[in-house]
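# Coordinates in review
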Amino acid sequence: MHITLYHTHPSLYRDVAQLFIDSLRNNPKTVWGLATGSTPIEIYKHLVAHYQKDAFDTRFLTTFNLDEYVGLSASSDQSYAHFMSRHLWDALNLQPNQRHIPNGLASDLVSECERYETLILEHPIHIQLLGIGSNGHIAFNEPGTPFDSKTHVVTLDSKTRMDNARFFDALHSVPHQAITMGISTIMKAQKIVLVATGQNKAKAIQAMLEGPISESCPASILRNHPNLFIYLDDKAASLLNTHLLNRG
Ligand code: GLP
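Residues numbered from 1 in each chain as written. Predicted model: local features only at pLDDT ≥ 70, side-chain atom pairs only at ≥ 80, totals over all residues. Heavy atoms only, no water.

### Considering the pairing of strand β10 (residues 228–233)
Consecutive side chains of a regular strand alternate in pointing toward one face of the sheet and then the other. Our working rule: When accessible area is computed with a 1.4 Å probe and restricted to protein chains, residues below 20% of their type maximum are described as buried, those above 50% as exposed, and intermediate ones as partly exposed. Per the convention used, a helix needs a DSSP run of H or I reaching at least four residues, while a strand needs a run of E reaching at least two, with both numbered from the N terminus. For two strands to be treated as a pair, DSSP must find no fewer than two bridges joining them. We call a crossover right-handed when, viewed with the strands running away from us, the connection from the first strand over the helix to the second turns clockwise.
With 6 of 6 residues buried, β10 is to be regarded as a mostly interior element. Burial of the side chains of β10 extends over both faces: L228, I230 and L232 are buried on one face and F229, Y231 and D233 on the other. Two strands pair when backbone bridges link them, and strand β1 (residues 2–6) and β10 are joined in this way by 5 bridges, in the parallel orientation. Each bridged residue has a counterpart across the sheet, and for L5 the counterpart in β10 is L232. Pairing of strand β9 (residues 191–196) with β10 involves 5 bridges; the strand directions are parallel. From the neighbouring strand, V195 faces β10, where its bridge partner is Y231. Tracing the backbone out of β9, into helix α7 (residues 202–210) and back to the parallel element β10 gives a crossover that is right-handed.

Pasting the structure below:
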């Protein structure tokens, strides 16, 4: 596990974006695992800026997103598919067969989960980007989710719905369910990069790194991953034992 701490955000986001660029330069057929939320937005801006300067080629890139709300179409402003089109997919010229996300409108959600899980098994993820929820969730794996879970339908925690309400017109518009990669799906990625910034992540980061490895903090299992990189700002790291940390 490598933890790097930053005073300023631009260098943090630049360094994380560089990991993804490097993976694509090393292997043009690389598979990226991607995340949504506010945390990845600046990382995606760096990727787009580099792509526009011809820094890398996306023709053979494959991407998988972590999760999607149930009941929102890809064209709905709040869907994660729409978020990804707007912030990354379109700008990187990714074709529909290169970019994967669960279909939250599938008539049979269980089959959709199985389809997605199988697709990931067929295209193993080389580098997975993760944020963290303020309750320690990763993707939409809420506290209590079994560590051996695969892609599944989840009922969202009220804390998660409140945290994500800022992207909707009102709390009641936030869907109650989502499809998410499971914890075992995420743990299969060759490399995991978790990014957390801001004071409202400090407790989750402390529980993840210094609490017990327990399903009550889904992110804590990441400590068992052999190739985990954590990027934090000072606020997200403010409750940690500082001897663990390197400076970026
Ligand atoms: C959502 C996503 C997670 C993300 C979390 C934190 O719940 N499903 O993948 O990590 O939000 O988002 P933010 O980066 O906006 O704090």
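The rest of the description comes next.
### Section: the packing of helix α1 (residues 9–26) against helix α2 (residues 41–52)
The test is simple: To get an axis, a line is fitted to the C-alpha atoms, and for a helix only the part in contact is used. The angle between two axes follows their N-to-C directions and goes from 0 to 180 degrees. Angle categories are assigned with fixed cut-offs, so that under 35 degrees is roughly parallel, over 145 is roughly antiparallel, 65 to 115 is roughly perpendicular, and the rest are oblique. The crossing is said to be left-handed when, going from far helix to near helix, the turn is anticlockwise and less than a right angle, and right-handed when the turn is clockwise. Contacts are residue-level and defined by heavy atoms, with any inter-residue pair within 4.5 Å sufficient.
Where α1 contacts α2, the axes come no closer than 8 Å and their chain directions differ by 55°. Relative to α2, α1 is oriented oblique. Helix-helix and strand crossings are classified by hand; for α1 and α2 the assignment is right-handed. Between α1 and α2, the residues in contact are P10, Y13, R14, V16, A17, Q18, F20 and I21 and E42, I43, H46, L47 and H50, respectively.

### Remarks on the sheet that holds strand β7 (residues 152–155)
Pairing within the open sheet is antiparallel, and its 3 strands lie in the order β4-β8-β7. Every interior strand has two partners, whereas the edge strands, β4 (67–69) and β7, have only one. Direction aside, neighbouring strands of the sheet carry axes that sit 25° apart on average. As paired strands, β7 and strand β8 (residues 177–180) are joined by 4 bridges and run antiparallel to one another. In the sheet register, T155 faces β8, and the bridge partner there is Q177.

### Focus on the nonpolar core
Using the following cut-off: Residues enter a nonpolar core if they are buried and are Ala, Val, Leu, Ile, Met, Phe, Trp, Tyr or Cys, with the set joined through side-chain atoms within 4.5 Å.
Grouped together as the largest cluster of nonpolar side chains are 78 residues, with contacts concentrated most on W32, L194, M208 and L232. Per-element accounting of this core gives the leading share, 8 residues, to α1. Membership of the second largest hydrophobic core comes to 5 residues, among which are V70, L109, C113 and I179.

### A short note on the side chain of N65
Heads up, the condition is: Pairs of N or O atoms within 3.5 Å make up the polar contacts considered here, provided that, within protein, one atom can donate a hydrogen while the other can accept it, and that residues adjacent in sequence are counted only when both atoms are side-chain atoms.
Considering the arrangement of structural elements, one finds N65 in strand β3 (residues 62–65). A distance of 3.5 Å separates a polar side-chain atom of N65 from the backbone oxygen of L34. With residues up to four places along the chain from it excluded, the contact list for N65 reads L34, A35, T36, M84, W89, H100, I101, P102, Y116 and M181.

### Quick notes on the sheet that holds β1
Strands sit in the order β5-β3-β2-β6-β9-β10-β1-β11 across an open sheet of 8 strands; the sheet is parallel. Of all the strands in the sheet, the pair left with one neighbour each is β5 (99–100) and β11 (246–247). Sheet analysis places β3 next to β5, joined by 2 bridges and oriented parallel. Residue T63 lies in a different strand from β5, and its bridge partner there is R99. Of the strands in this sheet, β3 and β5 are in contact with helix α4 (residues 109–122), which crosses β3 at around 140°.

### Observations concerning the packing of aromatic side chains
The way to describe two aromatic rings as a pair is by their centre distance and the angle between their planes. What counts, and what does not: Two rings from Phe, Tyr or Trp (for Trp, the six-membered ring) form a pair when their centres sit within 6.5 Å of each other. Planes less than 30 degrees apart are called stacked, planes more than 60 degrees apart edge-to-face, and all others tilted. Two conditions define a charge located above a ring, namely a distance within 6 Å from the ring centre to NZ of Lys or CZ of Arg, and an angle within 35 degrees of the ring normal.
Summed over the entire model, instances satisfying the criterion amount to 9 aromatic pairs. Ring geometry for Y69 against F168: centres 5.5 Å apart, planes inclined by 85°, an arrangement best described as edge-to-face. Note that Y69 is positioned in strand β4 and F168 in the loop between α5 (158–164) and β8, a separation of 99 residues in sequence. Counting every residue linked through ring pairs, the aromatic cluster contains F20, W32, Y51 and F56. A cation over a ring is seen here: K191 above F229, with NZ or CZ 4.7 Å from the ring centre.

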